[in-house]
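# Commentary on secondary and tertiary structure
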Amino acid sequence: MGLITEKTPLAKIQPVRFLLNWGRRYSLWVFNFGLACCSIEFIASSTSKNDFIRLGVIPFAHGPRQADLLVVAGTLTDKMAPVLKRLYDQIPDPKYVISFGSCSNCGGPYWDSYSVTKGVDQIVPVDVYVPGCPPRPEALLHGIVKLQEKIRDEDIQEKFRSGTSAVR
Amino acid sequence: MGRPLSADEVAERLRARFGEGVEVEDQHGHAVATVPVDRYREVVRFLRDDPAFACDFCDFTGGVDLGPERGFEVVSHFYSTEHVHNVRLKVRLPHEEPVIDSIADLFPTCNWHERETAEMFGIRFEGHPLPVKLLLPEPFEGFPLRKDFPLMSREAKPWPGAVEGEEEEEE
């Protein structure tokens, strides 16, 4: 990634950019931030029937420092929120977040709770929201394909400059 | 193998030991004793140490909010693995300044249960070894399981479904 800096606009060249984004979008090491039943659907997506490894999503990164993609699956409470922020900060750039399920999208059935964070986008920037309670594995696959389309069209230089991904 | 006590026998034994201040009733086959707050610790110690009760396991300690007039209730459930019987203790507390003795030194399992009851209902457990919050984040204000605790989301948007009390009136 050292090639793609402000001073070396190599990634501006169309074929280079295509190749780079093609490589990035099919090798997403995923970190599963499993908090509730959505996590089970995430695991179901990783097993043989749905198998998101065929989309290049490699599950069970050993920790956030090895991951490219964070999937927040489940109910985030206010007490857990600082932990999510900390793990997100540990993921190296460029990084992506999928908010998986109603709870992490907006609080879901706990919309009036005293302890649940009403949406993880209050804590970390979210790229793709997957609705459902819990969403089916197919929904996660769709979310991953949407994210890959987003990465395909991305200008990585722009991404760093705009600061949506860099550590804030 | 021990001998389980019936609710009547529990009432008899507790009255013989603690006088008429203890009320015992039979709820679904369990003896439920209502004890005065100043004798709570004493009763718990008796349940644990008396060979006929031998309650060696505290299942839970929890709270009930009965409203401003009737105050709070602390409920503790004891079980004997030897005699295979259950005894539930209830203690009534005033709504203003509810304070009760801690039994965390008698039953270590009550340590966390009392911390949770304290943070959820604002009941103070006198003599607790570590009186800090258990589940809620430290800066949290208020006691969320009290009936008068406001839910901010519901202030903005009222509950769309039926409310428990109203449902009964319609019937």
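All figures in this text were calculated on a predicted structure; none of them were measured in a lab.

Conventions we followed
- Residues numbered from 1 in each chain as written.
- Chains lettered and ligands numbered in written order.
- Predicted model: local features only at pLDDT ≥ 70, side-chain atom pairs only at ≥ 80, totals over all residues.
- Heavy atoms only, no water.
- Contact = heavy atoms within 4.5 Å.
- Buried area = accessible area lost by both parts, 1.4 Å probe.
- Salt bridge = Lys/Arg side-chain N within 4 Å of Asp/Glu carboxyl O.
- Polar contact = N/O pair within 3.5 Å; in protein donor to acceptor, adjacent residues only side chain to side chain.
- Nonpolar A, V, L, I, M, F, W, Y, C, P; charged D, E, K, R; others polar.
- Pairing = 2+ DSSP bridges.
- Helix = DSSP H or I, 4+ residues; strand = E, 2+ residues; numbered from the N terminus.
- Axes fitted to C-alpha atoms, helices over the stretch in contact; angles between N-to-C directions.
- Core = buried A, V, L, I, M, F, W, Y, C linked by side-chain atoms within 4.5 Å.
- Buried < 20%, exposed > 50% of the residue type's maximum accessible area, 1.4 Å probe, protein only.
- Expected span 1.5 Å × (residues − 1).
- Arc of directions from axis to C-beta.
- pLDDT = per-residue confidence, 0-100.
- Phe/Tyr/Trp six-rings, centres within 6.5 Å; stacked < 30°, edge-to-face > 60°.

### A few points about the interface of chain A and chain B
Listed by partner, the interface residues are seven residues for chain A and 16 residues for chain B. Summing both partners gives a buried area of about 840 Å² for chain A against chain B, and 66% of it is carried by carbon and sulfur. Considering only the surface of chain A that becomes buried against chain B, Lys79, Trp111 and Tyr114 of chain A emerge as the three largest contributors, covering 74% of it. Inspection of the region where chain A meets chain B yields one salt bridge. Put simply, Asp112 of chain A and Arg154 of chain B hold a salt bridge, and the shortest N to O gap is 2.5 Å. Between the two partners, chain A and chain B, sit three residue pairs in polar contact (both at pLDDT 80 or more). Class assignment for the residues of the side of chain A that touches chain B results in two nonpolar, one polar and four charged.

### Brief notes about the sheet that holds strand 5 (residues 85-93) of chain B
Residues and elements named next belong to chain B. The five strands lie next to each other as 1-2-5-4-3, forming an open sheet whose pairing is mixed. One side of each edge strand has no neighbouring strand; the edge strands of this open sheet are strand 1 (23-27) and strand 3 (57-65). In this sheet, neighbouring strand axes are inclined to one another by 20° on average, regardless of whether the strands run parallel or antiparallel. Bridge count for strand 2 (residues 30-34) against strand 5 is four bridges, and the pairing is parallel. The residue of strand 5 that forms the bridge with Val32 is Arg88. Where helix 2 (residues 40-49) meets the sheet, its contacts fall on strand 4 (72-80) and strand 5, and the angle it forms with strand 5 comes to roughly 175°. Packing of helix 4 (residues 110-121) onto the sheet brings it into contact with strand 3 and strand 4, and relative to strand 3 it is tilted by some 5°.

### Here we look at the nonpolar core
Ranked by size, the top nonpolar core spans 39 residues in total, and within it Leu14, Leu47, Phe53, Phe78 and Leu89 of chain B carry the most contacts. For this core, the elements supplying multiple residues, two or more each, are helix 1 (7-18), strand 2, helix 2, strand 4, strand 5 and helix 4 of chain B. Apart from residues no more than four positions distant in its own chain, Phe53 of chain B is found in contact with Leu5, Val10, Arg13, Leu14, Phe46, Leu47, Ser80, His83, His85 and Val87 of chain B. In this structure, Phe52, Ile98, Leu140 and Leu147 of chain A belong to the second largest nonpolar core, which totals 20 residues.

### Considerations on the pattern of salt bridges
Residue and element names in this part refer to chain A. Enumeration over the complete set of coordinates arrives at 13 salt bridges over all chains. Note that Lys146 is salt-bridged to Glu149, the shortest N-O span being 3.7 Å. Here Glu149 and Lys146 lie together in helix 5 (residues 137-152), a separation of three residues that amounts to about one turn. Lys146 sits in the partly exposed class, given a relative accessible area of 42%.

### With respect to helix 1 (residues 14-25) of chain A
Residue and element names in this part refer to chain A. A rise of 1.5 Å per residue sets the reference length of helix 1, with its 12 residues, at 16 Å; its end C-alpha atoms lie 16 Å apart and thus fit the reference within 8%. When helix 1 is considered as a whole, its buried residues turn out to be Asn21, Arg24 and Arg25. With its buried residues spanning 85° around the axis, helix 1 presents them on a single face. Residues of helix 1 that are exposed and point over 90 degrees away from its buried face: Pro15 and Leu19.

### Observations regarding the confidence of the model for chain B
Per-residue pLDDT for chain B averages 88, and the proportion of residues at 70 or more is 95%. For this predicted complex, the interface confidence score (ipTM) comes to 0.71, while the overall pTM stands at 0.79.

### Considerations on the pairing of strand 2 of chain B
Residues and elements named next belong to chain B. Strand direction decides the pairing type here: strand 1 and strand 2, joined by five bridges, are antiparallel. Following the sheet pairing, Glu23 is matched in strand 2 by Thr34. The loop that links strand 1 with its antiparallel partner strand 2 comprises two residues; one of these, His28, has a positive phi angle of about 55°.

### Observations concerning the packing of aromatic side chains
Going through the model one piece at a time under the given rule, you end up with nine aromatic pairs over all chains. Between the aromatic rings of Tyr114 of chain A and Phe149 of chain B, the centroid separation amounts to 6.3 Å while the plane-to-plane angle is 80°, which identifies the pairing as edge-to-face. You can see Tyr114 of chain A sitting in the loop between helix 4 (102-106) and strand 5 (128-130) and its partner Phe149 of chain B sitting in the loop between strand 7 (124-126) and helix 5 (152-156), one on each of two chains. Its relative accessible area of 25% is what places Tyr114 of chain A among the partly exposed residues. You can call Phe149 of chain B buried: its relative accessible area is 19%.

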